[in-house]
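One letter stands for each residue in the lines below.
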Amino acid sequence: MPKRIIKVNLRNVLQSKGYDQKRLADETGLTERTISELVNGKMKRYPKDAIERIAEVLNIIDINDILTLVEEETKA
C-alpha cells in the first residue's frame with residue numbers, strides 16, 4: 001500500500017500571489033525560517049497557528065491550496 005505524505009504547495013501560492021518569503025514573514029509575524037521550512041517541506045509538524053496566519057494573509061479559503069495529501073513517489 002502506498003504511503004501518503006503531505007505536499008506543501010506554498011511556493012506556488014506565493015508565486016501566484018506575487019509574494020516572496022520575506023514579505024509573507026513580515027505580514028504574518030512568523031519568522032523567515034518558519035516560512036522557509038514550510039516552503040521547502042522541511043517541517044516535521046505543521047503549526048496550526050502558522051497555517052491560519054498564512055491563510056489569512058494570502059486570502060486562502062481552502063487548506064488544500066497550501067497543503068495536500070498525496071501518495072509518496074516510489075523510488076525505482
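Residues numbered from 1 in each chain as written. Predicted model: local features only at pLDDT ≥ 70, side-chain atom pairs only at ≥ 80, totals over all residues. Heavy atoms only, no water.

A. Summary view of helix H4 (residues 48-57). Among all positions in H4, only Ala50, Ile51, Ile54 and Ala55 are buried. On an axial view of H4, the arc spanned by its buried residues comes to 130°, and they lie on one face. Exposed side of H4, more than 90 degrees from the buried face: Lys48 and Glu56 are the residues found there. Where the residues of H4 are buried, they touch helix H1 (10-17), helix H2 (21-28), helix H3 (32-39) and strand S2 (67-71). Positive phi appears at asparagine 59, one or two residues downstream of H4, with a value of about 55°. (Buried < 20%, exposed > 50% of the residue type's maximum accessible area, 1.4 Å probe, protein only. Helix = DSSP H or I, 4+ residues; strand = E, 2+ residues; numbered from the N terminus. Arc of directions from axis to C-beta. Contact = heavy atoms within 4.5 Å.)

B. Here's a closer look at the environment of arginine 53. On the secondary structure map, arginine 53 appears in helix H4. By relative accessible area, arginine 53 is classed as partly exposed at 30%. Between the C-alpha atoms of arginine 53 and aspartate 26, which are 27 residues apart in sequence, the distance is 11 Å. Those residues in contact with arginine 53, other than ones at most four positions away along the chain, are Thr28, Gly29 and Leu30.

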